[in-house]
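# A look at the structure
For reference, the chains in residue letters:
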Amino acid sequence: MKITDYIIRQETEKDYREVEEMARDAFWNLSVPGCSEHYFIHLLRQHKAFLPQLDYVLESDGMILGCVMYSESDITDEQGNRKTVLTMGPLCVRKGYQRQGLGKALLEHTFRLAEEMGYDTVINFGNPDNYVARGYKSCLKYNVCFEGDIYPSALLVKTLKDGVFDGRKWYYHQNDAADPCDDEQAVAEYDSLFPPKEKAWQPSQEEFFIHRHSLMRRE
């Protein structure tokens, strides 16, 4: 069923469990066997870099069908000049309601708010197929990279206005909100609070692996 009647509003504490369950179902076995996104959402809400002003859900008929969250990170140029940017994620749409424009609606709504708040750059690490239609471009086009001049194909940059970048090199330093997700035991302990689900392999995991490990270089 095509969803056209919905509201976009800020997440409240009463939404926490539903949002985490939705994210768990949507991401389960998508990128790796199982997932950690529900644990990451739990951690992010408590992190100093988290921006509750940009924590939004999309709701229809009393059911949350999507969510998006943002946090602050930094980029620095080769002279040490620092700039605050937004790290987007997670973005999640309930399983069974994807590919209906709900994620697009959440992004466009929060992009406008972010620009009004004074931010001009949004960065996230993900599958380019899911984001280039929303105005994201390769990090290479803006000369934004990880330390060591590493330009991953999955590092995507969205500018909220023209003229943000002038060609100089910028190094992206993502905040550490997701670091505890590398602890498999911690993820498993949090996941045990949810109904059991079977971990399994599926082709999308190989796609994610390829995007995550593919690098580009400047000519």
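Before going into details, it helps to say that this report is about the structure given with it. These figures come from a predicted structure and were not determined experimentally.

Calculation rules
- Each residue is numbered by its place in its chain's sequence as written, counting from 1.
- Residues qualify for local features only when their pLDDT is at least 70, as the model is predicted, and side-chain atom pairs are given and counted only at 80 or more; totals for whole chains, interfaces and linings, by contrast, use all residues.
- Excluding hydrogens and water, the side-chain values take into account all heavy atoms of the structure.
- Helix and strand labels come from DSSP, where a helix needs a run of H or I of at least four residues and a strand needs a run of E of at least two; each type is numbered from the N terminus.
- Radius of gyration: C-alpha atoms only; globule rule: 2.2 Å multiplied by the number of residues to the exponent 0.38.
- The buried label applies to any residue whose accessible area, calculated with a 1.4 Å probe on protein chains only, is under 20% of its type's maximum; exposed applies above 50%, and partly exposed to all values in between.
- In this analysis, two residues are considered to be in contact whenever any of their non-hydrogen atoms come within 4.5 Å of each other.
- The charged-residue count follows a simple rule in which Lys and Arg add positive charge and Asp and Glu add negative charge, with His and chain termini not counted at all.
- By convention, the charge on Lys lies at NZ, on Arg at CZ, on Asp at CG and on Glu at CD.
- Criterion for a salt bridge: a side-chain nitrogen of Lys or Arg within 4 Å of a carboxyl oxygen of Asp or Glu.
- We call Phe, Tyr and Trp rings a pair once their centres come within 6.5 Å, taking the six-membered ring for Trp, and we label the pair stacked below 30 degrees between planes, edge-to-face above 60, and tilted otherwise.
- Ring-over charges, as used throughout, are those where CZ of Arg or NZ of Lys falls within 6 Å of the ring centre and within 35 degrees of the ring normal.
- Two joining distances apply to patches: 9 Å for like charges and 5 Å for nonpolar side chains (Val, Leu, Ile, Met, Phe, Trp, Tyr), and every residue must have over 30% relative accessible area and no salt bridge.
- For every accessible area listed, the method is Shrake-Rupley and the probe measures 1.4 Å; residues are considered covered only by the protein chains on display.
- Only the stretch in contact is used when a helix axis is fitted, and all axes are lines through C-alpha atoms; the angle between N-to-C directions ranges over 0 to 180 degrees.
- Under the scheme applied, nonpolar residues are Ala, Val, Leu, Ile, Met, Phe, Trp, Tyr, Cys and Pro; charged residues are Asp, Glu, Lys and Arg; polar residues are all the others, including Gly.

This brings us to the overall build of the protein chain. Regarding its fold elements, the protein chain presents 7 helices and 11 strands. Rg of the C-alpha trace for the protein chain: 17 Å, near the compact-globule value of 17 Å for 219 residues, within the 12% margin. Judged by the C-alpha coordinates and their principal axes, the protein chain covers about 50 × 35 × 30 Å. Residues counted as buried form 51% of the 219 residues belonging to the protein chain. Counted over contacts in the protein chain with a minimum sequence separation of 6, partners at least 24 positions apart contribute 72%. Averaging the locations of the 26 positively and 36 negatively charged side chains of the protein chain gives two centres separated by 5 Å.

Any two side chains of opposite charge can pair, on the condition that their charged atoms come close. Under the definition given, this model contains 14 salt bridges. Ionic pairing is found between Arg9 and Asp15, a salt bridge with its closest N-O pair at 2.8 Å. One exposure class covers both Arg9 and Asp15, and it is buried.

Before going further, it helps to spend a moment on the packing of aromatic side chains. Applying the stated criterion across every chain yields a total of 8 aromatic pairs. Seen in terms of ring centroids, Phe146 and Tyr172 are 6.0 Å apart; in terms of plane orientation they differ by 25°. Their pairing is stacked. One end of the pair, Phe146, is in the loop between strand E7 (144–145) and strand E8 (151–152); the other, Tyr172, is in strand E10 (residues 170–173), and 26 residues separate them in sequence. Here the aromatic cluster, defined as three or more aromatic residues joined through ring pairs, consists of Tyr39, Tyr190 and Phe194. In this arrangement the basic side chain of Arg17 is found over the ring face of Phe194, its NZ or CZ atom lying 4.0 Å from the centre. Lying over the aromatic face of Tyr16, Arg45 brings its terminal NZ or CZ to 3.8 Å of the ring centre.

What follows is about the environment of Thr110. Along the chain, the position of Thr110 falls in helix H3 (residues 102–116). In this structure Thr110 comes out as buried when scored by relative accessible area, which is 0%. Separated by 12 residues in the primary sequence, Thr110 and Val122 have C-alpha atoms spaced 11 Å apart. Each residue touching Thr110, except ones within four places of it in the same chain, is listed here: Leu54, Tyr56, Val68 and Tyr70.

We now examine a negative patch on the surface. Together, Asp176, Asp179, Asp182, Asp183, Glu184 and Glu189 line one region of the surface with negative charge. With respect to the helices and strands, Asp176 occurs in the loop between E10 and helix H6 (184–191).

Attention now moves to the packing of helix H1 (residues 16–27) against helix H2 (residues 37–44). Angle between the axes and distance between the axes are the two parameters that describe a pair of packed helices. Their axes nearest at 8 Å, the elements H1 and H2 cross at an angle of 145°. Two secondary-structure elements touch here, H1 through Val19, Glu20, Ala23, Arg24 and Phe27 and H2 through Glu37, His38, Ile41 and His42. Residue composition of the contact of H1 with H2, by class: 4 nonpolar, 2 polar and 3 charged.

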